[in-house]
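# Descriptive structure summary
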Amino acid sequence: AKVNDVEMENQDAPADSTTSDVYSQIPGVPCFAAPLYAVISEFDNPQIPNNFLKSCKWSPDGLCLLVSSDDNLIRLFEVSFDKEPCSNWSECCSLVPALAVKEGETIYDMAWYPDMNSLDPSTCCFFSTSRDNPVHVWDAFTGASRGIYCAYTDAEELDA
């Protein structure tokens, strides 16, 4: 197969595969799994021309995707796996965030509540930490703040 003008020899590729079957964002590295969704327009913001995805994490129950980007937004996407794969990127359904939470500064990390289950709203929350801010706990249904945790040094001084 030839991908992006690079000759590829892949022993694991299906015998009947063609270049139209190859889905890869990395030149020279084929991937034979068809995409289900695309999230392109959500990150195409003319006010932030270099906005990019920084991190994404699946919820413990596998139904939600938490995504952070350079625009200091945390987006939550609800994903359904009962759809047919796309034949190419332009035909993919675009995911729309169920909610977006704005952090004050650069997002360092985020994490789901470990026992999160979409059927139990009390467990549907996630944590985030950003530069010069305390750790925030966010409600995954409403985007409202559930709490804030401040870090202190051993001398009981506030540490960001």
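Refer to the structure presented above.
As a convention, each chain's residues are numbered from 1 in the sequence order in which they are written. Where totals are concerned, whole chains, interfaces and linings use all residues; where local detail is concerned, this predicted model gives features only for residues with pLDDT of at least 70, and gives and counts side-chain atom pairs only at 80 or more. Derived side-chain values reflect all non-hydrogen atoms in the structure, with water molecules and hydrogen atoms excluded from consideration.

## Details of the packing of aromatic side chains
Each Phe, Tyr or Trp ring (for Trp, its six-membered ring) is paired with any other whose centre lies within 6.5 Å, and the angle between the two planes then decides the class: stacked below 30 degrees, edge-to-face above 60, tilted in between. Enumeration according to the criterion identifies one aromatic pair in this entry. Ring plane angle 70° and centroid distance 5.9 Å describe the contact between Trp 112 and Phe 126, whose orientation is recorded as edge-to-face. In this pair, Trp 112 sits in strand S9 (residues 107-112) while Phe 126 sits in strand S10 (residues 125-130), placing the two residues 14 residues apart along the sequence. Only DSSP runs of H or I covering at least 4 residues are called helices, and only runs of E covering at least 2 are called strands; the numbering of each starts at the N terminus.

## Considerations on the sheet that holds strand S4 (residues 53-58)
A pair of strands is labelled paired if DSSP reports no fewer than 2 bridges between them. The four strands lie next to each other as S4-S5-S6-S8, forming an open sheet whose pairing is antiparallel. Each edge of the open sheet carries a strand with a single partner, namely S4 and strand S8 (99-102). Here the average twist between neighbouring strands, direction ignored, is 20°. Inspection of the sheet shows strand S5 (residues 64-69) paired to strand S6 (residues 73-78) by five bridges, in the antiparallel sense. To get an axis, a line is fitted to the C-alpha atoms, and for a helix only the part in contact is used. The angle between two axes follows their N-to-C directions and goes from 0 to 180 degrees.

## Concerning the pattern of salt bridges
Salt bridges are counted wherever a side-chain nitrogen of Lys or Arg sits within 4 Å of a carboxyl oxygen of Asp or Glu. Counted by the stated rule, this structure contains four salt bridges. For Lys 57, the salt bridge is made with Asp 109, and the minimal N-O distance between the two is 2.9 Å. Of this pair, Lys 57 sits in strand S4 while Asp 109 sits in strand S9, placing them 52 residues apart in sequence. To sort residues, take the accessible area from a 1.4 Å probe on protein chains only and compare it with the maximum for the residue type: under 20% means buried, over 50% means exposed, and anything in between is partly exposed. With relative accessibility at 27%, the residue Lys 57 sits in the partly exposed group. Classification of Asp 109 as partly exposed rests on a relative accessible area of 40%.

## Quick look at the sheet that holds strand S12 (residues 145-149)
Overall, antiparallel pairing links the four strands, which are arranged S9-S10-S11-S12 in an open sheet. Whereas interior strands pair on both sides, the edge strands pair on one side only; in this sheet they are S9 and S12. The average angle at which neighbouring strand axes cross in this sheet is 20°, direction not considered. With five bridges connecting them, S9 and S10 associate as antiparallel partners. What sits directly across from Trp 112, in S10, is Phe 126.

## Examining the environment of Trp 58
Relative to the assigned elements, Trp 58 resides in strand S4. Taking the relative accessible area as the measure of exposure, Trp 58 reaches 46% and is therefore partly exposed. Remark: the alpha-carbon pair of Trp 58 and Val 79, spanning 21 residues in sequence, is separated by 9.9 Å.

## Examining the side chain of Asn 51
Within the secondary structure layout, Asn 51 lies in the loop between strand S3 (37-38) and S4. A distance of 3.3 Å separates the side chain of Asn 51 from the backbone nitrogen of Asp 70, its partner in a polar contact. Contacts described as polar in this section are N or O atom pairs within 3.5 Å, which, within protein, must combine one atom able to donate a hydrogen with one able to accept it, while residues neighboring in sequence count only if both atoms come from side chains. Reaching out from Asn 51, the side chain makes a polar contact with the backbone nitrogen of Asp 71 at a distance of 3.1 Å. The contact definition used throughout considers only heavy atoms, calling two residues in contact when any of these lie within 4.5 Å. When residues no more than four places from it in sequence are discounted, the contact partners of Asn 51 are Phe 43, Ser 69, Asp 70, Asp 71 and Arg 75.

## So, the state of the cysteines
Only a pair of cysteine sulfur atoms within 2.5 Å qualifies as a disulfide here. Throughout the structure, instances matching the rule amount to zero disulfides. For Cys 64, which is in no disulfide, the shortest distance to another cysteine sulfur is to Cys 124 and amounts to 7.1 Å. Cys 124 supplies the cysteine sulfur nearest to Cys 125, a cysteine that is in no disulfide, at a spacing of 7.8 Å.

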